[in-house]
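Residue-level listing of the chains:
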Amino acid sequence: MFNIGDKIVYPMHGAGEIVAIEEREILGDVHKYYIMRLPINDLKVMVPVKNAKEIGVRDISDADTMEKVLKALSSEEEVSMPKNWNRRYRYNLDKIKSGDLMEIADVVRSLESLDREKSLSTGERKILNEAKQIIVSEMVLVFEKNVEEVTKLIDDAIFG
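Within each chain, residue numbers correspond to sequence positions counted from 1 in written order. The predicted origin of the model limits local features to residues at a pLDDT of at least 70 and limits the giving and counting of side-chain atom pairs to 80 or more, whereas totals for whole chains, interfaces and linings rest on all residues. Note: side-chain values were computed over all heavy atoms of the structure, leaving out hydrogens and water.

Undergrad: How should I be thinking about the domain arrangement of the protein chain in this particular structure?
TA: By convention, interface size is frequently given as the accessible area that disappears when the constituent parts associate. Throughout the structure description, domain borders are defined by an automatic or database domain assignment. On domain assignment, one finds that the protein chain holds domain 1 (6–59) and domain 2 (63–159). Distance from the C-alpha centre of domain 1 to the C-alpha centre of domain 2: 23 Å. Note on contacts: a residue pair qualifies if any of its non-hydrogen atoms lie within 4.5 Å across the two residues. If you look at the interface, domain 1 gives twelve residues, while domain 2 gives 14 residues. Of the roughly 1,100 Å² buried where domain 1 meets domain 2, counting both sides, 69% is carbon and sulfur surface. The buried area of a pairing is the accessible area, by a 1.4 Å probe, that goes missing from both parts when the two are put together, added over both. Among the residues of domain 1 in contact with domain 2, Met12, Pro39 and Ile40 are the three that bury the most area, contributing 49% of the side total. Salt bridges are counted wherever a side-chain nitrogen of Lys or Arg sits within 4 Å of a carboxyl oxygen of Asp or Glu. Counting across the interface, domain 1 meets domain 2 through one salt bridge. Taking the shortest distance from any N to any O, the salt bridge between Arg58 and Glu138 comes out at 3.0 Å. Polar contact criterion, stated in full: a pair of N or O atoms within 3.5 Å, where within protein one must be able to donate a hydrogen and the other to accept it, and residues adjacent in sequence count only if both atoms are side-chain atoms. Between the two partners, domain 1 and domain 2, sit three residue pairs in polar contact (both at pLDDT 80 or more). Taken together, the elements giving at least two residues each to the side of domain 1 that touches domain 2 come down to strand S1 (7–10) and strand S2 (14–26). Ten residues, namely Ala, Val, Leu, Ile, Met, Phe, Trp, Tyr, Cys and Pro, are considered nonpolar, four, namely Asp, Glu, Lys and Arg, are considered charged, and the remaining ones, Gly among them, are considered polar. Residues belonging to the side of domain 1 that touches domain 2 are distributed by class as follows: six nonpolar, four polar and two charged. What counts as a helix is a DSSP run of H or I of at least four residues, what counts as a strand is a run of E of at least two, and both are numbered from the N terminus.

Undergrad: Help me out: how do you make sense of helix H1 (residues 63–74) in this one?
TA: Owing to its 3.6 residues per turn, the α-helix aligns residues three or four sequence positions apart on the same side. The end-to-end C-alpha distance of H1, which contains twelve residues, comes to 17 Å, matching closely the 16 Å that a straight helix rising 1.5 Å per residue would cover. Accessibility here uses a 1.4 Å probe with only protein chains present; expressed as a share of the type maximum, an area under 20% marks a residue as buried, one over 50% as exposed, and anything in between as partly exposed. Every buried residue of H1 is listed here: Met66, Val69, Leu70, Ala72 and Leu73. Buried residues of H1, seen end-on, are gathered within an arc of 160 degrees and therefore sit on one face of the element. For H1, the exposed residues lying more than 90 degrees away from the buried face are Asp64, Lys68 and Lys71. The span you would expect from a helix comes to 1.5 Å times its residue count less one. By arc we mean the arc of the directions from the helix axis to the C-beta atoms, nothing more.

Undergrad: Help me understand unusual backbone geometry in this model?
TA: If a residue is not glycine, its phi is most likely negative; likewise, a peptide bond is most likely trans. Even without a glycine there, the phi angle at Leu27 is positive, about 55 degrees. Within the secondary structure layout, Leu27 lies in the loop between S2 and strand S3 (29–37). Using a relative accessible area of 85% as the deciding quantity, one classes Leu27 as exposed. At Asn41, a position not held by glycine, the phi torsion is positive, near 60 degrees. Tracing the backbone shows Asn41 in the loop between S3 and strand S4 (44–48). For Asn41, a relative accessible area of 70% translates into the label exposed.

Undergrad: Explain the packing of helix H2 (residues 85–97) against helix H3 (residues 101–117) to me, please; I cannot follow it from the model alone.
TA: For any two helices packed against each other, one specifies the crossing angle of their axes together with the interaxial distance. Lines are fitted to the C-alpha atoms to define the axes, a helix being fitted only along its stretch in contact, and any angle between axes, read from their N-to-C directions, falls within 0 to 180 degrees. Where H2 meets H3, the axes come as close as 8 Å, and the angle between the chain directions of the two elements is 150 degrees. In this structure, the crossing between H2 and H3 has a hand that is left-handed. On H3, the residues that touch Arg88, Asn92, Lys95 and Ile96 of H2 are Glu103, Ile104, Asp106, Val107, Ser110, Leu111 and Leu114. Crossings are assigned a handedness: left-handed for a near helix turned anticlockwise from the far helix by less than a right angle, right-handed for a clockwise turn.

Undergrad: Hey, could you run me through the pattern of salt bridges in this one?
TA: Should their charged atoms come close, side chains of opposite charge can pair. Scanning the model with the defined rule gives twelve salt bridges in all. A salt bridge links Asp106 to Arg109; the nearest nitrogen and oxygen atoms lie 3.1 Å apart. Within this pair, Asp106 and its partner Arg109 are both found in helix H3, separated by three residues, close to a single helical turn. Each of the two residues, Asp106 as well as Arg109, counts as buried. The shortest N-O distance in the salt bridge between Asp155 and Lys132 comes to 3.6 Å. Taken together, the residues span a long stretch of sequence, with Asp155 in helix H5 (residues 147–159) and Lys132 in helix H4 (residues 122–143) at a distance of 23 residues. A cluster of three or more residues bridged by salt bridges with shared partners is formed by Lys95, Glu103, Asp106 and Arg109.

Shown next as structure tokens:
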């Protein structure tokens, strides 16, 4: 169980801080929720306490892990992805859903590389932006920097 003030990651949404734990009645049942504030756009998200573990909620990473993510983003190593855009979309979406930062970094790096070769489809551009946002939200909390500073760090890693 997490507490108010804990910094956690909610897969597909990113990292944030628990600002409250509230009970809400939904369809006649009362459930407890973590109220999480994300650093990007000051968004608030309700995370059900009872199945937080099953959906992959975890503590934020440490600075060493974030440095590895930056290194992965700057890697020249080619990532193999399906050629068909539809399969590639599902493949990348599954990587993001895993909540694994290194997998998400691979998605960002490979889609940025593909975007330099040819323009991404709207769906792939959306996935790229979501993946970047997940990394940015966690780095903001780990490095205690603002969104603009972290975005620059990530762009510098990707584009050199």
